[in-house]
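What follows is the residue order along each chain.
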Amino acid sequence: MNLVFFSIKTKGFSNFTRRLWTVFTRFGFSESRSRKALYSIVDLLQSHNSAPTFFIPAVVLRRHPALIAEIAGEGAEIGIHGYVHNDYRTLSPSQQYKQTEHAISVFQETRIKHKGFRNPYLGWTEDSLRIFSALGFGYESNEAVFHEVVDRNHFSPLLRSGFEKSLALFQAIPCSSYTLRPHFEDSLLRLPTSIPDDEMLFDRLRITDPAEIGQIWSKVMQRVYELGGLYALNLHPERGVLCQAALRILLGYAQNQSQPIWLARLDDIAQWWKEHSEFRLKITPLTGEHWLVEANCTPRGTVLARGVMVKSPSSTPGPDARTVICDHLTIVESTKYPGLAVSRQTPQEVLDFLHEQGYPAVYTSQEEAERFALYLDIPEGLGTTRKEQRTLRTELIQRIELLEGPLMYFSAWPDKNKAALSISGDIDSVTVQDFFLRVLEVSQKK
């Protein structure tokens, strides 16, 4: 499909024509405006001892290697955003593979390190996931989780239509059906992205008050915080200056929670989750109702307990009747094994998923089920279709999180953090020329 027609279809004619006008206000014929916009995000995050993750098409990187190297030198992570800015859903598997290979080669030529991939338009396919895994990517960030934090009834039908086109374009998943935690699919880590993003609010709904945008993003953060998940915000640098005050409000909200929120780049989150997935709890029965709990984890790992009496002096009461264990070897008192039992009919993929998420689980017979905090019999596994897998993973975690106890498990995040926040952004263009070259580049690279 021609890029112009694709844009009109996904934005609506009114938003498309408005977009053309804004190009000349947000980009220049030199790099100066984009440099200022990038630093508006980088500098603000540096003041919070963190850095952003930016994704960029390889052809744009090739035209602006010095600027991107400069931003990377300031601590920003740079990820791949396709070879050109086209929708992978319109490409065959062989075309996806070739374009991704070309993108990698450009990053290697310009000596920009990469670990992750975010598709243009978040347009991933099952083939995309296999290709990313085969080409050695550590993670991808494409699953768009939608938070209903804006009352769309307050907007005109025209604006609502543009907003809803974004939801369809991004294949949005309702927040109620997603845990907002990372998860592995084979060797590829999937990091969810939360929407609405800056483009949906600023350009589609025409919300231009930074305070209002900041409050909307803070509502998303509140929901993610309550779930103990990851909030990956997508803030396009072209709106970095326009949304800097909104970002400041979000960061202030995150900083003021009773439990800390980890502010980190996506590659740091991916590295942590790989580390976290290898943690294991060994629970051994002692005399009476006492259990020896050995935590095999790195120093950043945090063991939580609920519904048990902790005998270790190196523990502190936490929120929600949970106890933070400060020792990697402790004794607890519990009437039942403070972990999960899994039926022998349940596939190994379920056990692997539980371990990755930080829960101790062992195979056992149904006759022994009463000895455990929770007995799981899931012979169907985690489903076959994408929708089934999402639903079953979410329901499984919700069931465990609502369990009153007894349960010992690893916190999802390092250093006693309750949730995680990552500020990411797609550098689709740096100059006006980049923007209009997209039409030619996309048509040539199908």
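Our subject is the structure that appears above.
Not measured: the values here are computed from a predicted model.

**Student:** Is there a simple way to think about the overall build of the protein in this case?
**Tutor:** From N to C terminus, the protein includes 15 helices and 23 strands. For 446 residues, the compact-globule estimate of 2.2 N^0.38 gives 22 Å, and the C-alpha radius of gyration of the protein, at 23 Å, lies within 12% of that figure. Summarising its shape, the C-alpha atoms of the protein cover approximately 75 × 45 × 45 Å along the three principal directions. Among the 446 residues that make up the protein, the fraction classed as buried is 58%. Residue pairs at least 24 apart in sequence account for 75% of intrachain contacts in the protein once pairs closer than 6 positions are excluded.

**Student:** How should I be thinking about the sheet that holds strand β18 (residues 329-333) in this particular structure?
**Tutor:** Backbone-to-backbone hydrogen bonds join strands into a sheet, with any given pair of strands oriented parallel or antiparallel. Reading across the sheet, the four strands line up as β12-β13-β18-β15 and stay open at both edges, with antiparallel pairing between neighbours. Edge positions in the open sheet fall to β12 (280-285) and β15 (309-310), since each of these has one partner strand only. Bridging between strand β13 (residues 290-296) and β18 involves five bridges; their strand directions are antiparallel. Considered in β18, the bridge of W291 is made with V332.

**Student:** Help me understand the pattern of salt bridges in this model?
**Tutor:** When charged atoms on two side chains of opposite charge get close, those side chains can pair. Considering all chains together, one arrives at 26 salt bridges under this definition. In this structure, E109 engages R62 in a salt bridge whose closest nitrogen and oxygen atoms are separated by 3.6 Å. Here E109 is found in helix α6 (residues 93-109), whereas its partner R62 is found in helix α4 (residues 58-63), with 47 residues between them in sequence. The exposure class assigned to R62 is partly exposed, which follows from its relative accessible area of 40%. R190 serves as the salt-bridge partner of E143, at 3.4 Å between the closest nitrogen and oxygen. Here R190 lies in strand β8 (residues 188-190) and E143 lies in the loop between β4 (139-140) and β5 (144-146), a separation of 47 residues in the sequence. Relative accessible area serves as the criterion here: at 0%, E143 is assigned to the buried category.

**Student:** Help me understand the nonpolar core in this model?
**Tutor:** Across soluble globular proteins, nonpolar side chains show a tendency to be buried alongside one another. Ranked by internal contacts, the top residues of the largest apolar core, which has 80 residues, are W217 and L421. Element by element, the count of residues in this core is highest for helix α10 (residues 210-227), at seven residues. Membership of the second largest hydrophobic core comes to 35 residues, among which are A232, L266, F279 and I283.

**Student:** Please clarify how the packing of aromatic side chains should be interpreted in this entry.
**Tutor:** The geometry of an aromatic ring pair comes down to the distance between the two centres and the angle between the two planes. Counted by the stated rule, this structure contains 14 aromatic pairs. Taking the centre distance of 5.9 Å and the plane angle of 40° together, the rings of Y359 and Y409 count as tilted. Residue Y359 is found in the loop between α13 (348-356) and β20 (361-364), and its partner Y409 is found in strand β22 (residues 407-410); the two are separated by 50 residues along the sequence. Y409 shares its class with Y359; the two are buried. One aromatic cluster is present, built from ring pairs that chain together Y88, F117, F132 and F137. Above the plane of the ring of W124 lies R190, whose end atom (NZ or CZ) is 4.1 Å from the centre. The ring of Y225 is capped by K418, whose NZ or CZ atom sits 4.5 Å from the centre of that ring.

**Student:** How should the environment of Q171 be read in this particular structure?
**Tutor:** Looking at the secondary structure, you find Q171 in the loop between α8 (157-169) and β6 (173-174). Separated by 28 residues in the primary sequence, Q171 and E143 have C-alpha atoms spaced 7.8 Å apart.

**Student:** What is the right way to look at the packing of α10 against helix α11 (residues 244-255) in this model?
**Tutor:** Describing two packed helices takes the angle between their axes plus the distance from one axis to the other. Relative to each other, α10 and α11 sit at 35°, their axes nearing to 7 Å. As α10 packs across α11, the resulting crossing turns out to be right-handed. For the pair α10 and α11, contact is made by P210, A211, I213, G214, Q215, W217, S218, M221 and Q222 and by A245, A246, L247, I249, L250, Y253 and A254, respectively. Considering only residue class, the contact of α10 with α11 consists of twelve nonpolar, four polar and no charged.

Analysis parameters
Residues numbered from 1 in each chain as written. Predicted model: local features only at pLDDT ≥ 70, side-chain atom pairs only at ≥ 80, totals over all residues. Heavy atoms only, no water. Helix = DSSP H or I, 4+ residues; strand = E, 2+ residues; numbered from the N terminus. Rg over C-alpha atoms; globule rule 2.2 N^0.38 Å. Buried < 20%, exposed > 50% of the residue type's maximum accessible area, 1.4 Å probe, protein only. Contact = heavy atoms within 4.5 Å. Pairing = 2+ DSSP bridges. Salt bridge = Lys/Arg side-chain N within 4 Å of Asp/Glu carboxyl O. Core = buried A, V, L, I, M, F, W, Y, C linked by side-chain atoms within 4.5 Å. Phe/Tyr/Trp six-rings, centres within 6.5 Å; stacked < 30°, edge-to-face > 60°. Lys NZ or Arg CZ within 6 Å of the ring centre and 35° of its normal. Axes fitted to C-alpha atoms, helices over the stretch in contact; angles between N-to-C directions. Left-handed = near helix turned anticlockwise from the far one by under 90°. Nonpolar A, V, L, I, M, F, W, Y, C, P; charged D, E, K, R; others polar.

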